[in-house]
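The chain contents come next:
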Amino acid sequence: MPPIRELPADYCETLHYQLTDKRTLFWLNIAALLPLLLGVVWMAIWWSFVSQSRQPDGQIEIPWWLGTAMVFIVVLPLHELVHGIAIQLCGHSARYGMKLNLGVLYATADQALF
């Protein structure tokens, strides 16, 4: 199936979200706090359990909060890569970027419809 590049003649937009709008971005981040906090708590519990159940010999011990930060540094770009792969599977060219002032990474496709 070829990528969609034009809207149907009878298309009518009913709702449009501008995800980088500061108010929308604020509420999206507020909504993400609960799963983030649950993930941090789960990671701390897991890390505590694992570190007590085995004592590594001569290995450097990493604090749980640093491990969690490292996971986010790895997971977020991989998450956007998965978006980019899905975009390419739909027949479009993926473009990746970040807006540090908004704290977001993204994958997008110019002039693409999904």
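In this numbering scheme, every chain counts its residues from 1 along its sequence in written order. With pLDDT at 70 or above as the cut-off, local features in this predicted model cover only qualifying residues; side-chain atom pairs require 80 or more to be listed or tallied, and sums for whole chains, interfaces and linings still use all residues. The side-chain values count all of the structure's non-hydrogen atoms but skip hydrogen atoms and water molecules.

The helix and strand tally for the protein stands at two helices and two strands. A run of H or I in DSSP becomes a helix once it reaches four residues, and a run of E becomes a strand once it reaches two; helices and strands are each numbered from the N terminus. When its helices and strands are written in sequence order, the protein yields α-α-β-β. In terms of overall size, the protein is more extended than a compact globule, its C-alpha atoms giving a radius of gyration of 20 Å where 114 residues would be expected to give roughly 13 Å. Judged by the C-alpha coordinates and their principal axes, the protein covers about 65 × 30 × 25 Å. Think of it in three bands: with a 1.4 Å probe and only protein chains considered, a residue is buried below 20% of the maximum accessible area for its type, exposed above 50%, and partly exposed in between. Out of the 114 residues in the protein, the part that is buried amounts to 12%. In the protein, the share of contacts with a sequence separation of at least 24, taken over all contacts with a separation of at least 6, comes to 42%. As displayed, the protein has an accessible area near 9,800 Å², and 67% of this comes from carbon and sulfur atoms. Separation between the mean location of the 6 positive side-chain charges and that of the 8 negative ones in the protein comes to 5 Å. We compute the radius of gyration over the C-alpha atoms and compare it with the globule rule, which gives 2.2 Å times the number of residues raised to the power 0.38. Here, two residues are considered to be in contact whenever any of their heavy atoms come within 4.5 Å of each other. The protein chains shown are the only cover counted for residues, whose accessible areas, like all others here, come from Shrake-Rupley with a 1.4 Å probe. We treat Lys and Arg as the positive residues and Asp and Glu as the negative residues; His and chain ends play no part in the count. Throughout, a charge is located at the NZ atom of Lys, the CZ atom of Arg, the CG atom of Asp or the CD atom of Glu.

Phi at glutamine 111 takes a positive value of approximately 55°, unusual for a residue other than glycine. Residue position: glutamine 111 is located in the segment after β2 (104–108).

To describe a pair of aromatic rings, one takes the distance between the centres and the angle between the planes. Pairing of aromatic rings covers Phe, Tyr and the six-membered ring of Trp, with a centre-to-centre limit of 6.5 Å; geometry is then stacked below 30 degrees between planes, edge-to-face above 60, and tilted otherwise. Under the criterion given, the structure shown has one aromatic pair. Where phenylalanine 26 meets tryptophan 27, the ring centres are 5.1 Å apart and the plane angle is 80°; that geometry is what we call edge-to-face. Of the residues examined, tryptophan 27 reaches a relative accessible area of 52% and is grouped as exposed.

Further remarks concern the pattern of salt bridges. We define a salt bridge as a contact between a side-chain nitrogen of Lys or Arg and a carboxyl oxygen of Asp or Glu at a distance within 4 Å. Inspection of the entire model under this criterion finds one salt bridge. For arginine 95, the salt bridge goes to aspartate 110, with nearest N and O atoms at 2.9 Å. Residue arginine 95 is found in strand β1 (residues 95–99), and its partner aspartate 110 is found in the segment after β2; the two are separated by 15 residues along the sequence. We classify arginine 95 as partly exposed; its relative accessible area is 36%. Owing to a relative accessible area of 48%, aspartate 110 belongs among the partly exposed residues under this scheme.

Next up on the list: the pairing of β1. With five bridges connecting them, β1 and β2 associate as antiparallel partners. Bridge assignment links arginine 95 to a residue of β2, and that residue is threonine 108. Two strands qualify as a pair provided DSSP detects at least 2 bridges between them. What sits between β1 and β2 in their antiparallel hairpin is a turn of four residues, with glycine 103 showing a positive phi close to 75°.

This paragraph deals with the environment of tryptophan 47. Among the secondary structure elements, tryptophan 47 is positioned in helix α1 (residues 22–53). Look at tryptophan 47 and you get partly exposed, because its relative accessible area is 23%. Distance from tryptophan 47 to glutamate 13, taken between C-alpha atoms, is 47 Å for residues 34 residues apart in sequence. Apart from residues lying up to four places away in sequence, tryptophan 47 is in contact with Ile62, Pro63, Trp64 and Gly67.

Distances and angles like these do not, on their own, reveal function.
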